[in-house]
Structure formats: C-alpha cells, structure tokens
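Tertiary structure, described
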Amino acid sequence: MASNQEISNARFSVEAREWDSNKKHVESTNNAFDAIKRYVPAFQNGNNKDLDVLEIGSGTGLLSFLLAPHVRSLIGVDTAEGMISAFNTKLQDLPDTAKANLCAINHYLESVEDAPLQDAAAYLAPPSSTPPYRFDLIVSHLTLHHIPLLPNIFATMLGCLKPGGMIALTDYEDFGPEAVPFHPISKREGVERHGIDKDEVCNLLMKTGFNEVRVEEAFVLRKEVEAEGGKPAREMDFPFLVCLGVK
C-alpha cells in the first residue's frame, strides 16, 4: 500500500506542469512572499542580500523565483520529481546572471549533512564559506500540512540553520472541520492534516529548541470550494499562519 508521501509525490508530479497556471497558487505564494518580507528582519534592515536560504517543499519554484533576486543564494528541496523538473525548466529559461544563485534538488531531507544538500550548497556558496554549509533562513509554503512528523522536520530545520538563523513557514490554518474543503475531495488522499494548528506548532517549535517563536495569522486567502455534505459550491476564507523561530 502506498504511503501518503508516495501518493502526494505522484499527485504533485502529475500536476506540476499546470501548477503555475492556478491563480490561487500564485496568489497565495505572492502573499507568502509579502509575509516573509514583513516578518524577516533582514528584509527590513536591508541585509537580505546576505541571506543563504533553504526552501522546504519548493515545488515548481513559485516562491523560490520570487525570493532569489533578493537573497545571496537559495536551494529548493522537494520530493516530487515532476515539481523539480518544472523548476529546472523554468531555471533554464532564465539568463545566466539570474540563475547563478538558485537551484533545486529532488531529495527527502533528514539532515544538514545529507550529501545532495551539501553538494548543492557548495555549488552556490561564496568562496569564504566552508562546509558543512548552513542557512540564514528556511522558508516553506503550503508544505507543513503534508509532513507526516512535524517534530522531525522542525529538528531538521534547526540543524540546518546557522546560529541566529530563522524560519518563516506559511501554511493554512486548521480551524476545525470547515478547513477540510481547502482541498477538493479528489485531492485529499495523501494529505497528512487539513491545515496546521497554531498552538500545536508553537509548542513543537519551542520544544525543538527554537527561540523567539511566534505563530500568527499572516493573510487570508479567499477561494472557491466544491459542493459537498449538502452545502453548495461557495467561496470561503482560509486564514494562513506564519510560523517564526530563531536558532
């Protein structure tokens, strides 16, 4: 029997070619980018060009390609081969100067020591850097609700950060049964959780060892959901949380 991760990888690999044409995917990613700029101090004090960024669940690179021009380097990590293929196709279409600080790897990340991550970091690292390479900022968007074990991924993120580095993770909020329609019925198989719980994530981040933990609403996405359970097709508001913490 296929695991949730295998089901999700297969689904996202199929959907990758059309992913960027979904207006709500683009809208939510633009909102996530705006939230990162609001909440990450480096973007406020003008030090963002010194940031080495790791993106967990980079997909086709919607967020990656928004962030890359504003940071020193960005590595995207994703487990769906089709998503990485779409990312690389977009990367090939960029002029050489625009793609010099950006790459993505198809890898299930468990440690900063993982060879694919270190190889990618070595490729992008400035000459003054030395391995093992770590990151100033870790981001993810609409990824946490697909992660089977949040304590594990949070521990991995902490290990991948430099001292003083931070996370800025965005995902929609689990506000009870009404959050379930965020995914159409046909796409619910393989989904680990219907949004993320604010208190649970806050507590897990603190237990992991993050400091200055904050989990708060960053924006609201209004989208149409399908008819089910006697309710018609309708538009609903889905709050998105930003999860912040510092090593």
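Overview of the structure. Quick caveat, the model's predicted, so the values are computed rather than measured.

Rules of the game
Residues numbered from 1 in each chain as written. Predicted model: local features only at pLDDT ≥ 70, side-chain atom pairs only at ≥ 80, totals over all residues. Heavy atoms only, no water. Helix = DSSP H or I, 4+ residues; strand = E, 2+ residues; numbered from the N terminus. Rg over C-alpha atoms; globule rule 2.2 N^0.38 Å. Buried < 20%, exposed > 50% of the residue type's maximum accessible area, 1.4 Å probe, protein only. Contact = heavy atoms within 4.5 Å. Phe/Tyr/Trp six-rings, centres within 6.5 Å; stacked < 30°, edge-to-face > 60°. Lys NZ or Arg CZ within 6 Å of the ring centre and 35° of its normal. Pairing = 2+ DSSP bridges. Right-handed = clockwise from strand over helix to strand, strands pointing away. Salt bridge = Lys/Arg side-chain N within 4 Å of Asp/Glu carboxyl O.

1. A word on the overall build of the protein chain
- Counting its secondary structure elements, the protein chain contains eight helices and seven strands.
- Relative to a compact globule of 247 residues, whose C-alpha radius of gyration would be 18 Å, the protein chain shows 17 Å and is just as compact.
- With respect to the principal axes defined by its C-alpha atoms, the protein chain has extents near 60 × 40 × 40 Å.
- Here the protein chain, with 247 residues, has 52% of them falling under the buried criterion.
- Look at the contacts in the protein chain between residues 6 or more apart in sequence, and 68% of them connect residues 24 or more apart.

2. Some thoughts on the packing of aromatic side chains
- Taken as a whole, this structure holds eight aromatic pairs when the rule is applied.
- Ring plane angle 50° and centroid distance 5.0 Å describe the contact between F65 and F87, whose orientation is recorded as tilted. Of this pair, F65 sits in helix 4 (residues 62-67) while F87 sits in helix 5 (residues 81-92), and the two are 22 residues apart along the sequence. Both residues of the pair, F65 and F87, belong to the buried class.
- Members of the aromatic cluster, connected to one another through ring pairs, are Y172, F175, F182, F219, F238 and F240.
- Against the face of F182 rests K223, its NZ or CZ located 4.1 Å from the ring centre.

3. Brief notes about the pairing of strand 5 (residues 161-172)
- Within strand 5, nine of the 12 residues are buried, which leaves the element mostly enclosed by the surrounding structure.
- Of the pairings in the sheet, the one linking strand 4 (residues 135-141) to strand 5 comprises six bridges and is parallel in character. What sits directly across from I138, in strand 5, is I167.
- Where the polypeptide runs from strand 4 across helix 7 (residues 150-160) and back to strand 5, its parallel neighbour, the crossover connection is right-handed.

4. Comments concerning the pattern of salt bridges
- Across all of its chains, the model carries 11 salt bridges by this definition.
- For the salt bridge of K37 with D34, the shortest nitrogen-to-oxygen distance reads 3.6 Å. Of this pair, K37 and D34 both sit in helix 2 (residues 23-39), three residues apart, roughly one helical turn.
- Relative accessible area serves as the criterion here: at 31%, K37 is assigned to the partly exposed category.
- Ionic pairing is found between R188 and E228, a salt bridge with its closest N-O pair at 2.4 Å.

5. Things to note about unusual backbone geometry
- Residue P132 is bonded to the preceding P131 through a cis peptide linkage, with omega at -5°.
- Located in the positive-phi region is L142, a residue other than glycine, with phi close to 55°.
- Within the fold, L142 resides in the loop between strand 4 and helix 7.
- Here L142 falls in the buried class, since its relative accessible area comes to 19%.
- Phi at E212 takes a positive value of approximately 50°, unusual for a residue other than glycine.
- The residue E212 is located in strand 6 (residues 211-225) in this model.
- Note on E212: relative accessible area 62%, which makes it exposed.

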